[in-house]
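Results of the structural survey
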Protein chains: 2
Amino acid sequence: MTISLEELQLATRNHGMPLEALRHDVTPVGLHYLLVHYDVPVVDPATWTLEVGGAVERPLTLTLDDLRLRHTETLAVTLECAGNGRALLDPRAISQPWLREAVGTGEWTGTPLAGLLEEAGVAPGAREVLFSGLDRGVEAGMAQAYERSLALDDALRPEVLLAWGLNGGVLPPQHGFPLRLVVPGWYGMTSVKWLARITVLEQPFEGYQNARAYRMRASEDDPGVPVTRMMPRALLAPPGVPEFMTRRRFLAPGPVTLEGRAWSGWAPVESVDVSTDGGATWAAAELDDPVGEFAWRRFSLTWDAPPGEHELCVRCRDAQGNTTPETPPWNVGGYANNALHRVLTTVG
Amino acid sequence: MTISLEELQLATRNHGMPLEALRHDVTPVGLHYLLVHYDVPVVDPATWTLEVGGAVERPLTLTLDDLRLRHTETLAVTLECAGNGRALLDPRAISQPWLREAVGTGEWTGTPLAGLLEEAGVAPGAREVLFSGLDRGVEAGMAQAYERSLALDDALRPEVLLAWGLNGGVLPPQHGFPLRLVVPGWYGMTSVKWLARITVLEQPFEGYQNARAYRMRASEDDPGVPVTRMMPRALLAPPGVPEFMTRRRFLAPGPVTLEGRAWSGWAPVESVDVSTDGGATWAAAELDDPVGEFAWRRFSLTWDAPPGEHELCVRCRDAQGNTTPETPPWNVGGYANNALHRVLTTVG
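Residues numbered from 1 in each chain as written. Chains lettered and ligands numbered in written order. Predicted model: local features only at pLDDT ≥ 70, side-chain atom pairs only at ≥ 80, totals over all residues. Heavy atoms only, no water.

**Some remarks on the packing of aromatic side chains**
Two aromatic rings are characterised by how far apart their centres lie and by the angle between their planes. Residue and element names in this part refer to chain A. Going through the model one piece at a time under the given rule, you end up with six aromatic pairs over all chains. Judged by centre distance (6.0 Å) and plane angle (85°), the rings of Tyr 33 and Trp 98 are edge-to-face. With a gap of 65 residues between them, Tyr 33 in the loop between α1 (5-13) and β1 (50-54) and Trp 98 in the loop between β3 (73-80) and β4 (103-112) connect regions that are remote in the sequence. As far as the burial class goes, Tyr 33 and Trp 98 line up, both buried. Note on Tyr 214 and Tyr 335: the rings are 5.3 Å apart at their centroids and 35° apart in plane angle, and the pair reads as tilted. Placement of the pair is Tyr 214 in the loop between α5 (208-211) and β11 (215-216) and Tyr 335 in the loop between β21 (308-318) and β22 (341-347), with a sequence separation of 121 residues. In this structure, Tyr 214 and Tyr 335 share a single accessibility class: buried. Residue placement shows Arg 315 over the ring face of Trp 282; its charged tip is 4.1 Å from the ring centre. (Phe/Tyr/Trp six-rings, centres within 6.5 Å; stacked < 30°, edge-to-face > 60°. Helix = DSSP H or I, 4+ residues; strand = E, 2+ residues; numbered from the N terminus. Buried < 20%, exposed > 50% of the residue type's maximum accessible area, 1.4 Å probe, protein only. Lys NZ or Arg CZ within 6 Å of the ring centre and 35° of its normal.)

**Concerning the interface of chain A and chain B**
Chain A puts 55 residues into the contact, and the matching count from chain B is 55 residues. The three residues of chain A that bury the most area against chain B are Thr 12, Phe 244 and Met 245 of chain A, which together make up 15% of that side's buried surface. Where chain A meets chain B, there are six salt bridges. The shortest N-O distance in the salt bridge between Arg 247 of chain A and Asp 39 of chain B comes to 3.8 Å. Inspection of the chain A/chain B interface yields 21 residue pairs in polar contact (both at pLDDT 80 or more). Every element with two or more residues in the side of chain A that touches chain B is listed here: α1, β5 (128-139), β14 (241-242) and β15 (249-251) of chain A. By residue number, the principal contributor to the side of chain A that touches chain B is α1 of chain A, which donates nine residues. Of the residues that constitute the side of chain A that touches chain B, the class distribution is 28 nonpolar, 15 polar and twelve charged. (Contact = heavy atoms within 4.5 Å. Buried area = accessible area lost by both parts, 1.4 Å probe. Salt bridge = Lys/Arg side-chain N within 4 Å of Asp/Glu carboxyl O. Polar contact = N/O pair within 3.5 Å; in protein donor to acceptor, adjacent residues only side chain to side chain. Nonpolar A, V, L, I, M, F, W, Y, C, P; charged D, E, K, R; others polar.)

**As for the pattern of salt bridges**
This structure, assessed with the given rule, holds 34 salt bridges over all chains. Residue Arg 261 of chain A is joined to Asp 25 of chain A by a salt bridge in which the shortest nitrogen-to-oxygen separation is 3.0 Å. You can see Arg 261 of chain A sitting in strand β16 (residues 254-263) and its partner Asp 25 of chain A sitting in the loop between α1 and β1, a full 236 residues away along the chain. Of the charged contacts, one joins Glu 80 of chain B and Arg 233 of chain B as a salt bridge, the two residues approaching to 2.7 Å between their closest N and O atoms. In this pair, Glu 80 of chain B sits in strand β3 (residues 73-80) while Arg 233 of chain B sits in strand β13 (residues 233-236), placing the two residues 153 residues apart along the sequence. You can call Glu 80 of chain B buried: its relative accessible area is 2%. Linked by salt bridges that have partners in common, Arg 23, Glu 259, Asp 288 and Arg 298 of chain A make up one network.

**Structural notes on the relation of the copies chain A and chain B**
When chain A is fitted to chain B, the best match, at an RMSD of 0.0 Å, comes from turning it 180° and sliding it 0.0 Å along the axis. Overall, the copies show the geometry of a two-fold rotation axis. Taking C-alpha positions as the reference, the residue of chain A nearest the rotation axis is Gly 30 of chain A, at 1.8 Å. (Least-squares fit on C-alpha atoms with pLDDT ≥ 70 in both.)

**Examining the pairing of strand β6 (residues 142-151) of chain A**
The side chains of a regular strand alternate between the sheet's two faces. Residue and element names in this part refer to chain A. Where β5 and β6 come together, nine bridges link them in antiparallel fashion. Within β6, the position partnered with Glu 139 by the bridge is Met 142. Hairpin connection from β5 to β6: two residues lie between these consecutive antiparallel strands, with Ala 140 at a positive phi of about 50°. (Pairing = 2+ DSSP bridges.)

**Looking at helix α3 (residues 113-120) of chain B**
Spacing of three or four residues puts side chains on the same side of an α-helix, whose turn is 3.6 residues. Residue and element names in this part refer to chain B. For α3, the set of buried residues is Leu 113, Leu 116, Leu 117 and Ala 120. An end-on view of α3 places all buried positions within 95° of arc, on one side of the element. Gly 121 sits one or two positions beyond α3 and adopts a positive phi of about 80°. (Arc of directions from axis to C-beta.)

What follows is the structure in structure tokens.
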């Protein structure tokens, strides 16, 4: 594999969650994955407002204080970047070169979007809701703000939040200060940061991030289908200690707890299996309760590690029967690669 | 440039500070650069202690509460990774492939190390102080904890802190929870994280991170000299908006404030110059007061941007006469590359 300067520029700005942080139920701020399309905007909360308009009966202009006075909820949500696993595909799309670390679980505090839309009065012909951020840039030759739409039914789900808090503190600048959308179960591109405007639409949104990016395409000519919910995935907190450069793991012989986290945006994770022989044989891991309805669940298994070289693998299945494939599922944009996780380990 | 999988693995875990965050006096948590050699350890603060031993009259064992009861200071400190700029060298050392973003300024809260050493009673023959972290791994074939020493005189400087807080909050796991060393002015490898033990030595420490890594070497055979304080550097907050992949900047014609930060670990930064024609001509930028004695200072300059393609450059000089070279200063390990910063910009 060789990575270009342009990909490295993105990898230097954005970052994954080091996998040892899978040991935390809730990912500490700064360890949660981060993907910023353009620049992190500097926003003055004193003058910032949220506009709610379009096909509504009563357009709203809300300050941060207005929002904080509304019904407030805190929800643990696992977010994963749609491009997680992209750099493991061959050939791969040239974009942020994620390996496997683009995930995290935050406790997001905010107010349900549905209540706000109800107050604004959605028009009978409404079909979608567009979320526009303050981050601006050029992509595919077009100057644009980052914005994406959701079908009205998806936007009205009770778990969809407008969040101003993370892990008990103020939303950090890089995660969307002062306000972001959080859409549990969906890949992260849906949870628009630095929200400025919510527009109810009577026609489908044809902007770049919906119509061209974030689509599962079999070839360059294929219009594809939208990337939506997170495919199931299980990741292992690598046991033992790493070698600095290779990240190969080293541990002493004897009993060791193999643990990690599994999640799916489609349905609850029902089973996680662990292999210590490269996938030849599998054992069912024990599952803890999920951290929340929309958050990952911990799995664990005790392994009596014998001396030698071992390839650890972990796979999972959700209640809809979705699984983690052995072979990375290829598509043009490099989205949703949830191939099973392998960890090379030396015991001795 | 092509980057290997091993370098990408490091780039996915560690991360720089997106340069738009140069607009903040103090870097928000999660935007500060992060370099972790091995894994971020999970530490239970209830059972953690700091051992102070070696060539001292009164060895100490201190809990976090013991430390918090001591004299407490908060200091704004700019930290930069010694490998910042490494990936811009040719040939380059294979390690964390930093471009320019491995920097940040934190407000660190803790107690001066000197007071603790005084209490322990440093023996007359003492020469160095060794700082040992809880992070363990394998590097250059050797299993090791991350540990580095400082000459006694450097360790006794009044600005050297044992820090348990960052930006008014608890030290995050990835920055060394529950306690880290902060050595203002020095490259970041000196500020050992997840501190477990401080050992006063009567002989020089010959461990890997002092004797082999972090040395300025002209060739593989050269034993080299230690990497110590930060060379001067000035970085521009890129103006306008970025193109997603290339990070090239786009802005409208007319007046724009060019701003950024400059720092040096050797002496105060005295001047910053900005060029908008690739270094053919230079103009002196205005300098704000430094954020602190050991922190960066903001520079700014108004530019009446004409339509066209422009290469912005920024250079600086400190009070000792150290400057930012035009050509990257090469060495085997790829350390201390403080070559001047260039930003390609399209105005139109």
